[in-house]
Amino acid sequence: MAKYIFVTGGVTSSLGKGIIAASLAKLLQSRGLTVTIQKFDPYINVDPGTLNPYEHGECYVTEDGAETDLDLGHYERFLNIHTTQANNVTTGRIYQTVINKERAGDFLGKTVQVVPHITDEIKHRMKLLGETGKYDIILTEIGGTVGDIESLPFIEAVRQLQWELPEQDVMVVHLTLIPYLRAAKELKTKPTQHSVKMLSETGVHPDIIVCRTEEPLNDDIKRKIALFCNVKQEAVIEAMDASTIYEVPLLMLREKLDLICLKKLNINGYGAPNLDKWNGFLQKLKHPKSEVRIGLIGKYIELQDAYKSILESFIHAGAPNEVKVKVVNVHSEHLTQENVAEKLEGLDGLLVAPGFGNRGIEGKIHAVQYARENNLPFFGICLGMQMSVIEYARNVLGLADAHSTEMDAKTANPVINMMEEQKKIKMMGGTMRLGAYPCEITPGTLAHKIYGATSITERHRHRYEFNNDYYDAFIKAGLVASGKNPETGLVEIVELPNHPFFIGVQYHPELKSTAEVPAPLFVSFIAASKQYHASKAVK
Ligand code: GLN
């Protein structure tokens with residue numbers, strides 16, 4: 001039987017609930033327990049796949065092709081496990097299921113209500129992974145902030161589970177903010193008291209209160225929070241701001257967050273935490289020997305969460321290279337043929353980001369051309385790969401009007417074309433080519449050197465593809481298609497052999513990069529950028 005830890009949030013959003021949940025899970029995992037994390041989001045979208053990145057940051061794609069909240073990326077990056085569709089549930093998905101059942105007549109004439117029908121469906125999904133028998137502990141992060149109208153059914157479901165399951169099988173960790181008032185030089189506990197009170201009014205009492213704070217919590221403050229919030233003083237946990245999110249598990253270890261959970265859940269026989277790999281990564285991360293400057297060419301750069309997995313992958317890849325990766329955001333909309341050299345000056349590598357739609361497209365193409373012609377390491381992901389194909393068609397094959405049919409449906413040279421099976425699809429949600437697909441790599445290519453394998457799998461999220469009608473023309477002109485889908489022949493990797501590092505991939509390698517197992521493409525790209533940087537110094 002799995003045990004359940006629920007993580008709720010109070011006072012304000014953006015406190016880093018996902019990081020606290022992932023850190024706690026990491027510690028439990030490091031003690032030999034099998035753990036997974038799931039997120040329940042109160043919004044009505046069935047999944048975040050149709051959300052604009054400006055709204056909700058990156059959409060994270062799992063192996064099984066679920067379009068999920070970006071917190072699932074943190075879970076995977078911390079735990080080195082694969083999450084699935086079952087790990088991310090929204091209000092929209094819950095209601096969709098219940099309404100479909102109602103239409104099918106499954107409720108036998110009963111009035112369908114929030115309690116018990118919606119809450120039953122929530123509880124069913126909260127227990128789903130626990131019932132597989134694969135896990136000792138299921139952590140569930142409840143999105144939103146306690147007090148939101150939208151999160152009420154989720155909190156009610158937690159209340160019912162606390163009541164239904166044995167006492168030692170369920171616990172609640174509540175994350176709050178202890179603001180520091182600079183003028184008064186004081187930490188304030190009142191917002192936390194109010195938020196715990198609000199949670200208690202719904203019948204859920206937290207077992208642990210994790211306090212985000214800029215200043216250390218002294219014993220007096222801890223005692224006060226414990227007294228007013230009715231928890232043991234040892235269960236008031238200080239969560240100081242950290243220099244990197246990868247430090248948070250160690251902060252939580254010091255505060256004994258994992259041990260307090262194990263005690264409450266009555267789990268015995270666990271080991272000492274084995275964090276050797278994690279610490280090895282962290283030490284390298286914190287003590288880089290030099291710096292490389294990577295240009296991130298994208299159109300959502302005002303919002304860093306839009307490229308979350310890419311930014312984290314750079315952090316993972318910097319550590320083994322012993323460099324700090326300084327990401328320089330370059331807005332693709334502002335890049336022109338005239339200013340590209342000036343805007344990209346001083347960079348050691350270029351990553352052209354994924355994306356959708358027309359905005360900033362020409363800027364991306366200029367950036368690719370600049371990298372290709374100046375031997376600057378280039379890495380194109382998904383749309384970035386497609387732009388490298390268009391650039392090559394226009395400037396090397398001489399097809400001046402080459403384009404993707406996504407941007408120009410009538411182009412005479414559609415070198416990037418909508419995938420055949422996508423043409424009949426009308427619905428937008430969950431209909432792209434999604435999730436993990438195999439890719440066969442040609443021996444002797446750069447991709448082969450990077451992966452050290454001829455057969456890999458990577459995750460996808462796209463509707464358009466390399467148009468194989470142009471395959472021979474590209475190959476004749478020197479482009480190498482080094483990776484293909486073994487069943488369909490779809491080109492997944494392109495590269496240029498007469499360039500120090502030029503590679504474009506149709507898939508998203510950033511989705512599989514973790515702190516302990518960084519994505520090979522990112523590690524090699526940073527190594528090439530480091531080399532480029534060193535060669536500049538010699539010149
Ligand atoms: N818009 C492109 C496509 O659908 C690329 C998608 C992406 O970058 N994720 O094929």
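This report concerns the structure included in the present document. Just so it is clear, the model here is predicted, and its values are computed rather than measured. (Residues numbered from 1 in each chain as written. Predicted model: local features only at pLDDT ≥ 70, side-chain atom pairs only at ≥ 80, totals over all residues. Heavy atoms only, no water.)

Details of the site of the ligand
Here's step 1: Near the ligand the following residues occur: Pro354, Gly355, Phe356, Cys382, Leu383, Gln386, Glu406, Arg461, His462, Arg463, Tyr464 and His508.
Here's step 2: Within the side chain of Gln386, a nitrogen or oxygen atom sits 3.0 Å from an oxygen atom of the ligand.
Here's step 3: With respect to the ligand, the backbone of Arg463 contributes an N or O atom lying 2.9 Å from an oxygen atom.
Here's step 4: The set of elements that each furnish at least two residues to the shell around the ligand consists of helix H15 (383-395) and strand S19 (455-462).
Here's step 5: In terms of residue class, the shell around the ligand is made up of five nonpolar, four polar and three charged. (Near = heavy atom within 4 Å. Polar contact = N/O pair within 3.5 Å; in protein donor to acceptor, adjacent residues only side chain to side chain. Helix = DSSP H or I, 4+ residues; strand = E, 2+ residues; numbered from the N terminus. Nonpolar A, V, L, I, M, F, W, Y, C, P; charged D, E, K, R; others polar.)

Overview of helix H14 (residues 361-373)
Here's step 1: When the terminal C-alpha atoms of H14 are compared, their 19 Å separation across 13 residues agrees well with the 18 Å that a helix rising 1.5 Å per residue should span.
Here's step 2: Where H14 is concerned, the buried positions are Ile361, Gly363, Lys364, Ile365, His366, Ala367, Val368, Gln369, Tyr370, Ala371 and Arg372.
Here's step 3: The first or second residue beyond H14 is Asn375, which carries a positive phi of 55 degrees. (Expected span 1.5 Å × (residues − 1). Buried < 20%, exposed > 50% of the residue type's maximum accessible area, 1.4 Å probe, protein only.)

Quick word on helix H18 (residues 520-538)
Here's step 1: With 19 residues, H18 ought to run about 27 Å at 1.5 Å a step, and its terminal C-alpha atoms sit 27 Å apart, in line with that.
Here's step 2: Burial in H18 covers these residues: Leu521, Phe522, Phe525, Ile526, Ala528, Ser529 and Tyr532. The arc that holds every buried residue of H18, seen down its axis, measures 160 degrees, which confines them to one face. For H18, exposure combined with an orientation more than 90 degrees from the buried face picks out Gln531, Ala537 and Val538. (Arc of directions from axis to C-beta.)

Thoughts on the packing of aromatic side chains
Here's step 1: Taken as a whole, this structure holds 18 aromatic pairs when the rule is applied.
Here's step 2: Centroid distance Tyr246 to Phe281: 5.2 Å. Interplanar angle 85 degrees. Geometry classified as edge-to-face. Taken together, the residues span a long stretch of sequence, with Tyr246 in the loop between strand S11 (236-240) and helix H9 (248-254) and Phe281 in helix H11 (residues 276-286) at a distance of 35 residues.
Here's step 3: Between Trp278 and Phe281, the aromatic rings sit 6.2 Å apart at their centres with planes inclined by 65 degrees, giving edge-to-face as the arrangement. Separated by three residues within a single helix, Trp278 and Phe281 lie in helix H11, roughly one turn from each other.
Here's step 4: Among the residues examined, Phe281 registers a relative accessible area of 6% and is labelled buried.
Here's step 5: One aromatic cluster is present, formed by Phe314, Phe379, Phe501, Phe522 and Phe525 through successive ring pairs. (Phe/Tyr/Trp six-rings, centres within 6.5 Å; stacked < 30°, edge-to-face > 60°.)

Details of unusual backbone geometry
Here's step 1: The step from Val115 to Pro116 runs through a cis peptide bond, and the omega angle for that step is 15 degrees.
Here's step 2: Residue placement: Pro116 occurs in helix H5 (residues 114-128).
Here's step 3: A positive phi angle, close to 50 degrees, is found at Leu108, a residue other than glycine.
Here's step 4: Inspection of the secondary structure assignment puts Leu108 in the loop between helix H4 (91-103) and H5.
Here's step 5: Under the relative-accessibility criterion, Leu108 is labelled exposed at 77%.

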